[in-house]
Amino acid sequence: MNSTNTKDLEFWDKEYVWHPFTQMRDYQQSKPLIIEKGQGSYLFDIEGNKYLDGYASLWVNVHGHNVPELNDALINQVNKLSHSTLLGSANVPSILLAKKLAEITPGDLCKVFYSDTGSASVEIALKIAYQYWKNIDPIKYKNRNTFISLDDAYHGDTIGSVSVGGMDLYHRIFKPLLFKRVSLPTPYVYRMTEFDRTEDVRDFCLQRLENLLQEKSDEIAGIIIEPLVQGAAGIITHPQDFLKGVELLCRKYNVLLICDEVAVGFGRTGTMFACEQEGVIPDILCCGKGITGGYMPLAATITSKKIFDAFLGEKNEHKTFYHGHTYTGNQLSCSVALRNIQLIEETKLLEKVQVNALFVHEQLKALHRLSIVGDIRQRGLMVGIEIVKDKKTKAVFSLEENKLDNIVQTARKKGLIIRQLDQVLTFIPILAMDQDDLRKAIDIIYQSISENM
Ligand SMILES: *Cc1c(COP(=O)(O)O)cnc(C)c1O
């Protein structure tokens, strides 16, 4: 690109594009990062600068950018057909992908409902869970009209998924539009200093859940939870067996368990799905993000046969699930997703993620020396570094101090793209990133924090 083009693009970006989660006044005063190409673990901007992709292009990228196998899957499909509808007809890639998803998801999860964003997959899960009870017995279950979710939960940005979300910063303004939910304390070990041990945090939260269920399980359609790690809340890693405890309580009190694996699915925490690590089988599993390896928008809501069967009946019983999106089951998305999953298997990527997660864990230890690093949390290749003003009091920097912005900007100048979530620096590398690049990224993170202390 020549420099006039660069200037034009920068101008038009500010003139015409409204960026998500972005204060556009600040944005208009900054120099936009305009990405043009990708190769492996690297992104390139229109001026030819090269960056390590340390946020996996918003947690979606699995095998790297510009992967020949995934490109071929798309090209082959484009040459056949790009889209036809799943309303009243089927298509080959969506069938093959659904079969594959049924095989790789735990337990008896086997019915795949497609959509195109994680938020929609959650929206669908909530509607299915709600309708499930009405379909089974509308009188007995007439009050099962709400959901339990965690205090700092993030399940997406549509109104239903925001209703079960707990992130005040994003959701406060929309409160009057939301349906009621029942909230459960997040087992945020680092900030729950009143407890001595991680297990005590877990048991406290589980006890609260049990109390809630004893009191009002007849009002609860289901519990929705991000398994093992709450991503957007700041990579809050749950204590061991917290998820298992939640599952046992769901079974004991007969409410549905929805696992939102949008962030953690497809190998992010070292297993194909995070819930596998505690032997948990949800009634409904939501996935998105990594499902296409970062190539195309696609999401899926996968249910057990028991859930699905509750929707069977005569037409006039109206047990049908009246929901669908225009691009549901899109051929391009499904074909690249299928190839992505095959490639995870062929390259033994999950084993590699487990090995590299240990490597990253070792490399990150050096960061504890930095006076503003309060906590380092990691599950698989999902890392959160909580930045504090004071390690003892755990006080955080104010927004005006721009501490995390500055660290992120410094890292970018050094050739690494990472992002912050509030007071937490996140490092979510491309899953297939090799150890040299992982080490390079962590060195840059170290230097960028220390230059901004
Ligand atoms: C990203 C995310 C979502 C929302 O997915 P979108 O594709 O952005 O709509 C939902 N749940 C979790 C846990 C996520 O991380």
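What counts, and at which threshold
Residues numbered from 1 in each chain as written. Predicted model: local features only at pLDDT ≥ 70, side-chain atom pairs only at ≥ 80, totals over all residues. Heavy atoms only, no water. Buried < 20%, exposed > 50% of the residue type's maximum accessible area, 1.4 Å probe, protein only. Helix = DSSP H or I, 4+ residues; strand = E, 2+ residues; numbered from the N terminus. Pairing = 2+ DSSP bridges. Expected span 1.5 Å × (residues − 1). Contact = heavy atoms within 4.5 Å. UniProt positions renumbered as here; feature names shortened; annotations may be inferred. Near = heavy atom within 4 Å. Polar contact = N/O pair within 3.5 Å; in protein donor to acceptor, adjacent residues only side chain to side chain. Areas by Shrake-Rupley, 256 points an atom, 1.4 Å probe, with all protein chains shown as cover. Nonpolar A, V, L, I, M, F, W, Y, C, P; charged D, E, K, R; others polar. Phe/Tyr/Trp six-rings, centres within 6.5 Å; stacked < 30°, edge-to-face > 60°. Lys NZ or Arg CZ within 6 Å of the ring centre and 35° of its normal. Salt bridge = Lys/Arg side-chain N within 4 Å of Asp/Glu carboxyl O.

Visitor: Help me out: how do you make sense of the pairing of strand E7 (residues 220-225) in this one?
Guide: By the criterion of burial, E7 is predominantly enclosed, with 6 of the 6 residues buried. Relative to E7, strand E5 (residues 146-150) runs parallel, the two sharing 4 bridges. Of the residues in E7, the one forming a bridge with isoleucine 148 is isoleucine 223. When E7 meets strand E10 (residues 256-260), the two strands line up parallel, connected through 4 bridges. Bridge pairing in E10 places isoleucine 224 opposite isoleucine 258.

Visitor: What am I meant to see in helix H13 (residues 349-364) here?
Guide: One full turn of an α-helix is made of 3.6 residues, so residues set three or four places apart face in the same direction. In this model H13 runs 22 Å from its N-terminal to its C-terminal C-alpha over 16 residues, within 8% of the 22 Å that 1.5 Å per residue would give. For H13, the complete set of buried residues consists of Leu349, Val353, Asn356, Ala357, Phe359, Val360 and Leu364. Those residues of H13 hidden inside the fold are in contact with helix H12 (331-346), strand E13 (373-379), strand E14 (382-387) and helix H15 (435-450).

Visitor: What's the story with the sheet that holds strand E2 (residues 42-45) in this structure? I'm lost.
Guide: The strands making up a sheet associate through hydrogen bonds between their backbones, and the pairing can be parallel or antiparallel. Read from one edge to the other, the open sheet built from 4 strands follows the order E1-E2-E3-E15, with strand pairing classed as mixed. Of all the strands in the sheet, the pair left with one neighbour each is strand E1 (35-39) and strand E15 (416-417). As paired strands, strand E3 (residues 50-53) and E15 are joined by 2 bridges and run parallel to one another. In the strand pairing of E15, leucine 52 is matched with leucine 416.

Visitor: I tried to follow the UniProt feature "binding site: pyridoxal 5'-phosphate" (unreviewed entry) in the protein chain on my own but got confused; where do I start?
Guide: Mapped onto the present numbering, the UniProt feature "binding site: pyridoxal 5'-phosphate" (unreviewed entry) falls at Gly118, Ser119, Asp260, His325 and Thr326. Their sequence span is 209 residues, while the largest C-alpha to C-alpha distance among them is 22.7 Å; these annotated residues do not converge on one region. Structurally, aspartate 260 is set in strand E10. Since its relative accessible area comes to 5%, aspartate 260 is described here as buried.

Visitor: Got a minute to help me understand the site of the ligand in this structure?
Guide: Surveying the vicinity of the ligand reveals the residues Thr117, Gly118, Ser119, Tyr154, His155, Gly156, Glu226, Asp260, Val262, Ala263 and Lys289. A distance of 3.5 Å separates an oxygen atom of the ligand from a polar atom in the side chain of threonine 117. Contact distances for the ligand include 2.6 Å between an oxygen atom and a side-chain N or O atom of serine 119. Within the complex, 83% of the 380 Å² of free accessible area of the ligand lies under protein. Broken down by class, the residue content of the shell around the ligand amounts to 3 nonpolar, 5 polar and 3 charged.

Visitor: Help me out: how do you make sense of the packing of aromatic side chains in this one?
Guide: The tally for this structure, following the rule as stated, stands at 9 aromatic pairs. Ring geometry for tyrosine 132 and tryptophan 133: centres 4.9 Å apart, planes at 80°, overall edge-to-face. By relative accessible area, tyrosine 132 is classed as buried at 6%. Measuring from ring centre to ring centre gives 5.2 Å for phenylalanine 266 and phenylalanine 273, while their planes differ by 65°; the resulting arrangement is edge-to-face. Across the pair, exposure class does not vary: phenylalanine 266 and phenylalanine 273 are buried alike. For lysine 50, the ring lying beneath its charged end belongs to tyrosine 42, and the centroid distance is 4.4 Å.

Visitor: Is there a simple way to think about the UniProt feature "binding site: substrate" (unreviewed entry) in the protein chain in this case?
Guide: Summarizing the sequence annotation, UniProt attributes the feature "binding site: substrate" (unreviewed entry) to Tyr154, Lys289, Gly324 and Arg419 in the numbering used throughout. Look at the named residues: they lie 266 residues apart in sequence, and the longest C-alpha span between them is 33.1 Å, so in the fold they stay spread out. Among the structural elements, tyrosine 154 can be located in the loop between E5 and helix H7 (159-163). For tyrosine 154, a relative accessible area of 17% translates into the label buried. Each residue touching tyrosine 154, except ones within four places of it in the same chain, is listed here: Phe21, Met167, Tyr170, His171, Glu226, Ala232 and Asp260. Among the polar contacts listed, one links the side chain of tyrosine 154 to the side chain of aspartate 157, at a separation of 3.0 Å. By secondary structure assignment, the location of arginine 419 is in strand E16 (residues 419-421). Dropping the residues within four chain positions of it, arginine 419 is found in contact with Tyr55, Leu58, Val408, Val424, Leu425 and Thr426.

Visitor: Teacher, can you tell me more about the pattern of salt bridges here?
Guide: Pairing between side chains becomes possible if they bear opposite charge and their charged atoms approach one another. Enumeration over the complete set of coordinates arrives at 23 salt bridges. Glutamate 386 is the salt-bridge partner of arginine 191, the closest N and O atoms lying 2.6 Å from each other. Here arginine 191, found in the loop between strand E6 (182-184) and helix H9 (198-216), pairs with glutamate 386, found in strand E14; they are 195 residues apart in sequence, far enough to count as distant. A relative accessible area of 0% places glutamate 386 in the buried class. Taking the shortest distance from any N to any O, the salt bridge between lysine 414 and glutamate 451 comes out at 2.8 Å. Pair noted here: lysine 414 is in the loop between helix H14 (403-413) and E15 and glutamate 451 is in the segment after H15, with a separation of 37 residues, a long-range link. Through salt bridges with shared partners, one network takes in Arg191, Asp375, Arg377 and Glu386.

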